[in-house]
Amino acid sequence: MAAEAPEDRYAGLAPEELLFRGNPMDLDLDDGGDPDPADLKERALAAEDAARSVEGVTNSNGASASASASIFAIATSDGFDGSTRATGYSNSASVVAGEAGAMQRDYAWHSARHAADLEAPQDVGLRAAERAVSRLAPVSVKASTMPVLFEPRVAATLLGHFVAAISAAAIARQSSFLLDALETQVFAPGVVIRDDPFRPRGLRSRAFDGEGLPVKPMNLVSDGVLTTWLAESASARQLGIQPSGHAVRGVSGAPGAGPSNLYFMPGNRSREEMIADVKHGMLITELIGQGVNGVTGDYSRGAAGFLISDGEIGPAVAEITIASNLKQMFKTLEPAGDLRLRRGIDSPTLMVPAMTVASA
């Protein structure tokens, strides 16, 4: 295969003079645990039992509990070698509420590096059940333009679109809607997007990147201004820039670029204050399908959530479509103050002042 592949003059190891030297930082990613499978089964059953105990829940899609331990090691022929060990634990539950043609389903999950940090299985199950029951008896909405709030578990998807758009590989291919956006105002003033590889016990924490380069906390967006591309060495060479320390890789294949622990910094208003200011809008709790054009930024996705009327969260809404363009969404969105660092990519509630909402 190597003999048949065309030559790639940008491929190669990271610049030797930039390699990380010294002892990797201890990020407390390994709790040394080795749980018994019976304990994991008990945790999964506890989550499911708690979910099924809630009135309105009629069935279960299952619950799970898992534990893992891994070692990531990398060595290069130009002098780098390093390794880190990490453990991981997770718990989830998914249930169905209602009967016949009026059923709704929802889920909850939590993951942590240390078993001691994992949420109680009863809490995971109850949250899944309450979400499913709250979605019963959805109402329809008329097509219009209105404020849309994304709750944290779906708001993080907007960060995913942002990361894809600032990948140096996408910029080199000229396939990003943020192609000419470096050092320009992409988000509203005051918005900060931070990448922190050194978060203790973080799900995406790392002491060095996938090419052996040093990493550091940085603001990818500062006061609304885009400050950097995410570049591994190959794409950096193509663009004529330095790699940014964001190389990620699996056990085979060339490195790509991606963030570590990424999040919107919280805003000044609480979620409740935001909702109180909405006369007629939507709180989105689930997104369905793809519907995002990475070249133009056009955004159209199926969704479900709740109607907001006169500053109050009202009935459930299902089978709707929300649409806009990511450029406009980014420039106008406002983060709320309810950030919780629970995943590798986190967001507070986000409000986009105007999106098109219609029945699917």
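Before reading on, note that the structure itself is shown above.
Residues numbered from 1 in each chain as written. Predicted model: local features only at pLDDT ≥ 70, side-chain atom pairs only at ≥ 80, totals over all residues. Heavy atoms only, no water.

Caption draft 1: How the structure looks around unusual backbone geometry. Positive phi values are uncommon outside glycine, yet Glu-183 reaches one of about 60 degrees. Looking at where Glu-183 falls in the secondary structure, it is placed in the loop between helix H4 (168-172) and strand S5 (193-195). Even without a glycine there, the phi angle at Asp-310 is positive, about 50 degrees. Positionally, Asp-310 belongs in the loop between strand S12 (298-309) and strand S13 (312-325). (Helix = DSSP H or I, 4+ residues; strand = E, 2+ residues; numbered from the N terminus.)

Caption draft 2: Inspection of the sheet that holds S5 at higher detail. Taken in spatial order, the five strands line up as S7-S6-S5-S10-S15 in an open sheet, and their pairing is mixed. Edge positions in the sheet fall to strand S7 (225-226) and strand S15 (345-346), since each of these pairs with one other strand and no more. The strands that helix H3 (residues 152-165) touches are S5, strand S6 (218-222), S7, strand S10 (262-264) and S15; relative to S10, the one it contacts most, it runs at about 115 degrees. (Pairing = 2+ DSSP bridges. Contact = heavy atoms within 4.5 Å. Axes fitted to C-alpha atoms, helices over the stretch in contact; angles between N-to-C directions.)

Caption draft 3: Molecular detail of the pattern of salt bridges. Summed over all chains, the structure comprises 14 salt bridges. The partner of Asp-106 in a salt bridge is Arg-153, and the shortest N-O contact between them spans 2.9 Å. Here Asp-106, found in strand S3 (residues 104-112), pairs with Arg-153, found in helix H3; they are 47 residues apart in sequence, far enough to count as distant. Accessibility classification places Asp-106 together with Arg-153 in one group, the buried group. (Salt bridge = Lys/Arg side-chain N within 4 Å of Asp/Glu carboxyl O. Buried < 20%, exposed > 50% of the residue type's maximum accessible area, 1.4 Å probe, protein only.)

Caption draft 4: Quick peek at a negative patch on the surface. A surface patch of like charges, here negative, comprises Asp-34, Asp-36, Asp-39 and Glu-42. Structurally, Asp-34 is set in the segment before helix H1 (37-52). (Patch = residues over 30% accessible without salt bridge, like charges linked within 9 Å, V, L, I, M, F, W, Y side chains within 5 Å. Areas by Shrake-Rupley, 256 points an atom, 1.4 Å probe, with all protein chains shown as cover. Lys, Arg positive; Asp, Glu negative; His and termini not counted. Charge placed at Lys NZ, Arg CZ, Asp CG, Glu CD.)

Caption draft 5: Layout of the sheet that holds strand S1 (residues 57-75). Pairing is antiparallel across the open sheet formed by three strands, whose spatial order is S1-S2-S3. Looking at the sheet topology across the chains shown, the edges are occupied by S1 and S3. Neighbouring strand axes in the sheet, compared pairwise and without regard to direction, differ in orientation by 15 degrees on average. Bridge count for S1 against strand S2 (residues 81-97) is 17 bridges, and the pairing is antiparallel. Paired with Gly-62 across the strands is Ser-94, a residue of S2. Together, S1 and S2 form the strand contacts of H1, whose direction differs from that of S1 by roughly 145 degrees.

Caption draft 6: View of helix H2 (residues 121-134). Taking 1.5 Å of rise per residue, the 14 residues of H2 would be expected to cover 20 Å, and the 20 Å separating its terminal C-alpha atoms lies within 8% of that figure. Among the residues making up H2, those that are buried are Pro-121, Val-124, Gly-125, Arg-127, Ala-128, Ala-129 and Ala-132. (Expected span 1.5 Å × (residues − 1).)

Caption draft 7: Spatial organisation of empty space enclosed by the protein. Within the structure shown, the criterion is met by one cavity of 30 Å³ or more. In terms of lining residues, the largest cavity is bounded by Asp-195, Pro-197, Arg-206, Val-215, Lys-216, Met-218, Ser-244, Gly-245 and His-246. Looking at the lining of the largest cavity residue by residue, the classes come out as three nonpolar, three polar and three charged. (1 Å grid on protein atoms, 1.4 Å probe; cavity = no way out; pocket = protein on both sides within 12 Å on 5 of 7 lines; lining within 4 Å. Points joined across faces, edges and corners; volume = space filled by probe spheres on them. Nonpolar A, V, L, I, M, F, W, Y, C, P; charged D, E, K, R; others polar.)

Caption draft 8: Inspection of the environment of Pro-200 at higher detail. Counting through the fold element by element, Pro-200 comes out in the loop between S5 and S6. Given the relative accessible area of 57%, Pro-200 is considered exposed. Pro-200 sits 33 residues away from Ser-233 along the chain, and the two C-alpha atoms are 27 Å apart.

Caption draft 9: Here's a closer look at the nonpolar core. The biggest cluster of nonpolar side chains holds 49 residues, and the ones touching the most others in it are Phe-150, Phe-162, Phe-187, Met-282, Ile-284 and Ile-322. Looking at this core element by element, the count peaks at seven residues for H3. Sequence-distant contacts of Phe-162, defined by excluding residues within four places in its chain, comprise Leu-178, Phe-187, Ile-193, Leu-220, Val-221, Leu-226 and Phe-330. (Core = buried A, V, L, I, M, F, W, Y, C linked by side-chain atoms within 4.5 Å.)

Caption draft 10: Broad picture of the packing of aromatic side chains. Within the structure shown, the criterion is met by eight aromatic pairs. Ring geometry for Phe-177 against Phe-330: centres 6.0 Å apart, planes inclined by 50 degrees, an arrangement best described as tilted. Within this pair, whereas Phe-177 is found in the loop between H4 and S5, its partner Phe-330 is found in helix H7 (residues 326-332), the two being separated by 153 residues in sequence. Overall, Phe-177 belongs to the buried group, its relative accessible area being 6%. For Phe-330, a relative accessible area of 0% translates into the label buried. Note on Phe-187 and Phe-264: the rings are 5.9 Å apart at their centroids and 75 degrees apart in plane angle, and the pair reads as edge-to-face. Of this pair, Phe-187 sits in the loop between H4 and S5 while Phe-264 sits in strand S10; the two residues are 77 residues apart in sequence, bridging distant segments of the chain. (Phe/Tyr/Trp six-rings, centres within 6.5 Å; stacked < 30°, edge-to-face > 60°.)

Caption draft 11: Geometry of the side chain of Thr-285. Tracing the backbone shows Thr-285 in strand S11 (residues 280-288). Once residues within four sequence positions are removed from consideration, Thr-285 is found in contact with Glu-151, Arg-153, Val-154, Ala-304, Gly-305 and Phe-306.

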